[in-house]
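Structural description and commentary
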Amino acid sequence: MSLPEPLAADIRHAVASHAPGVGAGSDGNADPRGAVLEALRLVQHAEGWVSDYRVADIAALLGMTTAEIDNLATFYSHIFRRRVGKRLIMLCDGASCYLNGADALRDAVQARLGIGFGETTPDGEFTLLNVCCVGGCDRAPAAVTGRDRRLCGPLAPGDLDALLADAE
Amino acid sequence: MTGLPLTRHARPDRRPHSLAEWRALGGYDAVAAARAMAPAAVVDMVAAAALNGRGGAGFPAATKWRFMPAPGTTPGDGPSYLIVNGDEMEPGAFKDRLFLEALPHQLIEGAIIAAHAMHVTEAIVLVRDAYRTGIAAMETAIAEAEAAGLLGGLHMRVHGSAGRYIVGEETALIEALEGKRAVPRKRPPFPAQSGLWGRPTTVNNVETIANAPVILAGGADAFRALSRTGEGGTKLFGISGRVHRPQLIEAPMGTTARELIDRCGGVSGSGVLRAFQPGGGASGFLGPEHLDVPLDFGHVAAAGSMFGTGTMIVLDDSACPIGVVARHMRFYARESCGWCTPCREGLPWAARILDALEAGTARATDLDVLRMTAAEGSPRGRSFCDLMGGAMQSLGSALARFGDLFDDHLAHGCTIGARH
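In the nomenclature of an unreviewed UniProt entry, chain B corresponds to NADH-quinone oxidoreductase subunit F from the organism Sandarakinorhabdus fusca. Turning to chain B, the UniProt record has this under Sequence similarities (unreviewed entry): "Belongs to the complex I 51 kDa subunit family." According to UniProt, the comment filed for chain B under the heading Cofactor (unreviewed entry) is "FMN".

Structure (structure tokens):
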């Protein structure tokens with residue numbers, strides 16, 4: 001299936017607004033590469049992840065090669081090249097969270113969902129990821145959940161129900 | 001939060017101010033003051049205020065601003081750029097999040113002042129992907145300021161990053177904005193000569209920029225007087241780990257770890273301090289004997305560590321420091337861009353050994369390898385950027401400070417863990 005037109009339009013708009021020198025002092029050397037992360041994010045927002053087909057679509061739209069797009073999509077950790085579950089749970093594995101019980105929280109979440117990091121439950125509901133320090137060290141152990149990356153914490157293993165419910 | 005000027009308007013729930021609310025608090029008066037001054041006079045004022053960059057390196061902000069070429073002196077036409085770096089991802093660092101979420105108009109004011117001082121016409125606020133609330137708050141505030149005509153000729157926008165700690169390195173950040181893999185660039189040329197799209201560019205940390213309106217509103221002398229040392233201003237300290245109430249505290253530059261830990265309700269866990277990292281995961285461990293060191297860039301460096309982002313991780317003596325270093329090393333190994341060999345190969349190697357020490361499967365020679373890696377990887381210039389050196393500073397200081405524990409782990413694995 002080719003890129004739906006509204007999505008293509010959004011990407012073209014991102015190219016236009018993210019080009020260098022927009023406005024005063026413009027040198028006119030607009031380079032669509034500046035919007036490539038935005039394009040990946042727009043696709044992911046619409047479809048949940050970035051498939052091989054969408055890598056090719058973005059490449060065609062921005063005048064880049066699929067290798068260039070894939071090189072970026074696999075480098076940045078918040079771009080998903082595999083299908084993820086409907087709900088995302090990202091547990092921080094930084095030192096401040098470790099010092100406040102992140103290992104026990106990780107074990108509890110993994111036992112509850114029956115999956116490890118980087119995996120999705122067989123029903124396609126939850127994907128569990130470990131992430132860098134999420135800037136919630138004062139709420140350690142912390143997690144970010146859901147598409148809008150809500151910060152949760154401090155989390156005890158007993159808070160699992162609330163954590164899972166919040167991951168929409 | 002306190003009544004000190006940097007964060008005094010931040011609401012406890014971090015709800016950002018509307019433009020009308022911000023103006024009622026005196027917002028944008030500092031912008032008017034800056035615009036009434038010649039750009040060079042603004043830079044001189046920031047220099048007199050002794051503002052050091054708050055992103056980790058502590059480089060004098062005004063000196064960085066002076067690197068930017070005067071208009072008409074660069075070949076070709078085109079814009080110059082101010083990039084406000086909000087890619088905060090260092091373990092233990094959670095300070096910039098407050099400015100992005102709760103004080104967006106203060107950041108916009110700072111960006112306008114800095115742009116005026118450097119003749120910059122384009123400002124980009126780069127925010128890490130996980131800070132969606134901050135991205136939304138900045139976008140709303142920029143739209144308000146633009147609609148009210150407050151940006152003048154400055155074009156300002158938010159760019160969301162997509163993960164990877166290395167994006168916070170200033171030249172890697174520029175690569176990311178150009179739609180490339182975030183690999184640091186070789187310097188020279190420095191960004192002020194050739195930065196984003198080959199144009200003059202300055203990258204400043206969020207907290208650095210948030211200080212500009214404070215300086216313009218109160219003057220350089222008042223700003224310097226906020227500090228207890230020669231480095232001007234207050235600092236937004238972030239204290240986490242084993243303290244009773246982890247939190248952000250704005251306090252004078254030069255405040256001691258003892259005071260900050262006390263204000264967090266003291267050391268939790270056993271209640272006995274084993275060590276602290278004064279400036280995030282990449283800073284060397286300091287011990288109880290350093291509790292009264294004035295925390296600023298110069299004094300912490302003299303004590304053998306790094307002030308970095310001023311975000312402190314506290315360890316009591318019931319927590320395993322090797323467990324902390326193991327998590328740091330996994331983090332840095334995972335977040336390395338992989339461009340240069342010491343970082344790409346050395347960090348995972350060190351991380352694997354630390355994991356083996358925790359599991360009790362390490363060999364005696366592994367400690368020699370760790371010591372060698374820390375010694376060879378620490379000096380500047382051995383790798384392309386400072387990611388490797390920072391990681392090795394935490395490892396090297398741990399080896400020096402916790403030698404007995406490393407030996408104990410070699411014999412028994414980790415028997416301490418992170419229990420409370």
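Alright, that's what it looks like, and here's the rest.
Residues and elements named next belong to chain B. The residue Ser194 is located in the loop between helix H8 (170-177) and strand S4 (201-205) in this model. Judged by its relative accessible area of 26%, Ser194 is partly exposed. Sequence separation of Ser194 and Thr74 is 120 residues, and the distance between their C-alpha atoms is 9.8 Å.

Okay, the interface of chain A and chain B next. Taken residue by residue, the interface counts 43 residues in chain A and 60 residues in chain B. Taken together, the two surfaces of chain A and chain B that pack against each other cover about 4,200 Å², and 54% of this comes from carbon and sulfur. Joining chain A to chain B, the criterion identifies four salt bridges. The shortest N-O distance in the salt bridge between Arg327(B) and Asp103(A) comes to 3.0 Å. For the interface between chain A and chain B, the tally reads 18 residue pairs in polar contact (both at pLDDT 80 or more). Of all the secondary-structure elements, those providing two or more residues to the side of chain A that touches chain B are helix H1 (5-18), helix H2 (36-47), helix H4 (66-73), helix H5 (95-98) and strand S3 (126-131) of chain A.

Moving on, we get to the domain arrangement of chain B. A common way to report how large an interface is uses the accessible area buried once the components associate. All names here are of chain B. Domains assigned within chain B are domain 1 (19-225), domain 2 (234-316) and domain 3 (321-412). Centre-to-centre, using C-alpha coordinates, domain 1 lies 27 Å away from domain 2. Residue-level contacts link 16 residues of domain 1 with 18 residues of domain 2. When the buried area of domain 1 at its contact with domain 2 is split by residue, Arg54, Phe94 and Lys95 rank highest and sum to 38% of it. Here domain 1 is connected to domain 2 by one salt bridge. Across the salt bridge formed by Lys235 and Glu207, the nearest N and O atoms sit 2.7 Å from each other. Across the side of domain 1 that touches domain 2, the residue classes break down as six nonpolar, six polar and four charged.

We now examine the pattern of salt bridges. Under the defined criterion, the tally for this structure stands at 49 salt bridges over all chains. Close ionic contact of Arg106(A) with Asp107(A) constitutes a salt bridge, the shortest N to O distance being 3.1 Å. Arg14(B) is the salt-bridge partner of Glu101(B), the closest N and O atoms lying 3.5 Å from each other. Of the two residues, Glu101(B) sits in helix H5 (residues 96-102) while Arg14(B) sits in the segment before helix H1 (19-24), which places them 87 residues apart along the sequence.

The rules we used
- Per-chain numbering applies: the sequence of each chain, read as written, is numbered from 1 onward.
- Chain letters start at A and ligand numbers start at 1, both assigned in the order the entries are written.
- Totals for whole chains, interfaces and linings use every residue, but because this is a predicted model, local features are given only for residues with pLDDT of at least 70 and side-chain atom pairs only at 80 or more, for both listing and counting.
- The basis for every side-chain value is the complete set of non-hydrogen atoms in the structure, without hydrogens or water.
- UniProt positions are given in the numbering used here, feature names are shortened, and annotations may be inferred rather than shown by experiment.
- Strands are runs of DSSP state E lasting at least 2 residues, helices are runs of H or I lasting at least 4, and numbering of each runs from the N terminus.
- A 1.4 Å probe rolled over the protein chains alone gives each residue an accessible area, and that area as a share of the maximum for its type sets the label: buried under 20%, exposed over 50%, partly exposed in between.
- Any two residues whose heavy atoms approach within 4.5 Å at even a single point are treated as in contact.
- Using a 1.4 Å probe, buried area is obtained as the accessible area two parts lose upon being combined, added over both of them.
- Whenever Lys or Arg places a side-chain nitrogen within 4 Å of a carboxyl oxygen from Asp or Glu, that contact is recorded as a salt bridge.
- In the analysis that follows, any N or O atom pair within 3.5 Å is treated as a polar contact, provided that within protein one partner can donate a hydrogen and the other can accept it, and provided that, for residues neighboring in sequence, both atoms belong to side chains.
- Either an automatic procedure or a domain database provided the assignment from which the domain bounds are taken.
- Residue classes follow a fixed rule: Ala, Val, Leu, Ile, Met, Phe, Trp, Tyr, Cys and Pro count as nonpolar, while Asp, Glu, Lys and Arg count as charged, and any other residue, Gly among them, counts as polar.

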